[in-house]
Amino acid sequence: MKNILFIAIVLLGALSSCDKVENPYPSLPSLDLDFSLYPNGGQVEYVANEWPTFGANTNTNRNVLIEDYTGHRCVSCPAAAEIAHDEHSSNPERVFVVAIHTGPNGSGSLQAISPPLYLIDFTCPEGEEIGQTFGSDLAGSPFFGNPYGSVNRYDAGNGFPVSQPGDWSSITTGLLAANDLKVNLQAETNYYPSTRGLFLHTETEILDGGLANELSIVVQLLEDSLIAPQVFPGGIDSLGYVHRDILRASIDGRAFGQSLDADHLDANGKYYFNYSYKLPAEYEVDNAHLLIYIRDAVTDEIYQVIEKHIE
């Protein structure tokens, strides 16, 4: 289902000494993007005409990501999805949701296809890996069944980066109020309908010098909404249920992303990652978006998340 992208490790040249923050012009030999997705030429033309320049990131807010571990045959999952969606509706610019169809063993009967009604496969390898990592692979994890999830993978006191739906609202409220911005993140996209080619360029700035653990960047493709059956309490099949914010893939095929390392660091202390990706034919560009987040590779806490429309 998923297309494997080519990821650019951009070797960045020296910057002139000025106050404006810019994405340095890339060294052409270093780029390993799939430029066949660019319909107006190749690598040279794309870099010359389409490569973005990032201005100073003036954002001051830490955003929140609610991960909803769900299943279309889970009777309690619609209520959890509503909690998550209500939080997003109350703070649409700062709270984002991803519905990950996964269980503590990656996937199970609650995520399975079951004819004649439950014919859509909502799972993906990255989602299954996330579920298993925070479920059966994590000793003592309270995630042993759906629904469950996380809010910025923040440990709110249970000793784990996961939490039950009943705690999502209070954790979200606390994180929004604290607004402890440790990492800033911005991104630009270029999309070409004729090739279904998506190019994503990201800039990460670490604001908290006390962050000692390795960090990584994750980019996910989400389907905005899809009407399909969902089981409700009492075994009632809702045929017109709206599934929202469905995780379909990580665009680099990595559930836990790539490390922010020296190869991606520029002279101004910012990290740049660049991606190319062919949007799968089954997804409409106006019914899909990207989630981009920075996570602590040790604690798994998510320090910043942004949403980016494809075009």
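Reference entry: report on the structure contained in this document.

What counts and how
- Think of each chain on its own: its residues are numbered from 1, step by step along the sequence as written.
- Thresholds applied to this predicted model are a pLDDT of at least 70 for local features of residues and 80 or more for the giving and counting of side-chain atom pairs; totals over whole chains, interfaces and linings are not thresholded and use all residues.
- Hydrogen atoms and water are omitted, and side-chain values are computed over all heavy atoms in the structure.
- Among buried residues, the Ala, Val, Leu, Ile, Met, Phe, Trp, Tyr and Cys ones that are joined through side-chain atoms within 4.5 Å form a nonpolar core.
- Burial classes follow relative accessibility: with a 1.4 Å probe on protein chains only, a residue under 20% of its type's maximum area counts as buried, one over 50% as exposed, and anything between as partly exposed.
- Working definition: helices are DSSP H or I runs of at least four residues, strands are E runs of at least two. Numbering for both runs from the N terminus.
- The contact rule is simple, with two residues in contact once any of their heavy atoms fall within 4.5 Å.
- The definition used for a disulfide is geometric: two cysteine sulfur atoms within 2.5 Å.
- In this scheme Phe, Tyr and Trp rings, the latter by its six-membered ring, pair at centre separations within 6.5 Å, and the angle between planes marks the pair as stacked below 30 degrees, edge-to-face above 60, and tilted otherwise.
- Two residue types count as positive, namely Lys and Arg, and two as negative, namely Asp and Glu; His and chain ends fall outside the count.
- Salt bridges are defined as contacts in which a side-chain nitrogen from Lys or Arg sits within 4 Å of a carboxyl oxygen from Asp or Glu.

## Quick notes on the nonpolar core
Piece 1. Judged by nonpolar contacts, the single largest core of 28 residues is most densely connected at L221 and I310.
Piece 2. Where this core is concerned, the elements lending two or more residues are β5 (183-192), β6 (197-206), β7 (215-227), β12 (270-278), β13 (288-296) and β14 (302-309).
Piece 3. Filtering out sequence-adjacent residues up to four positions away, I310 remains in contact with T189, Y191, L198, L221, L279, V285, A288, H289 and L290.
Piece 4. Residues L65, L247, F256 and Y293 belong to the second largest nonpolar core, which totals 21 residues.

## Focus on the state of the cysteines
Piece 1. Scanning the model with the defined rule gives one disulfide in all.
Piece 2. The residue that forms a disulfide with C74 is C77, at a sulfur-sulfur distance of 2.3 Å. Looking along the S-S bond of the C74-C77 disulfide, the torsion reads about 85°, which is the right-handed sense.
Piece 3. Under the relative-accessibility criterion, C74 is labelled buried at 3%.

## Some remarks on the packing of aromatic side chains
Piece 1. This structure, assessed with the given rule, holds 12 aromatic pairs.
Piece 2. Between F54 and Y272, the ring centres sit 6.2 Å apart and the planes meet at 40°, which makes this aromatic pair tilted. Placement of F54 in the loop between α1 (43-49) and β2 (64-70) and of Y272 in strand β12 is noted, with a sequence separation of 218 residues between them. For the pair formed by F54 and Y272, the shared burial category is buried.

## Brief notes about the side chain of D252
Piece 1. Structurally, D252 is set in the loop between β10 (242-250) and β11 (258-259).
Piece 2. Buried charge without a partner: D252 forms no salt bridge, and the closest opposite charge is R254, 4.0 Å away.

Shape descriptors only; they carry no functional weight alone.
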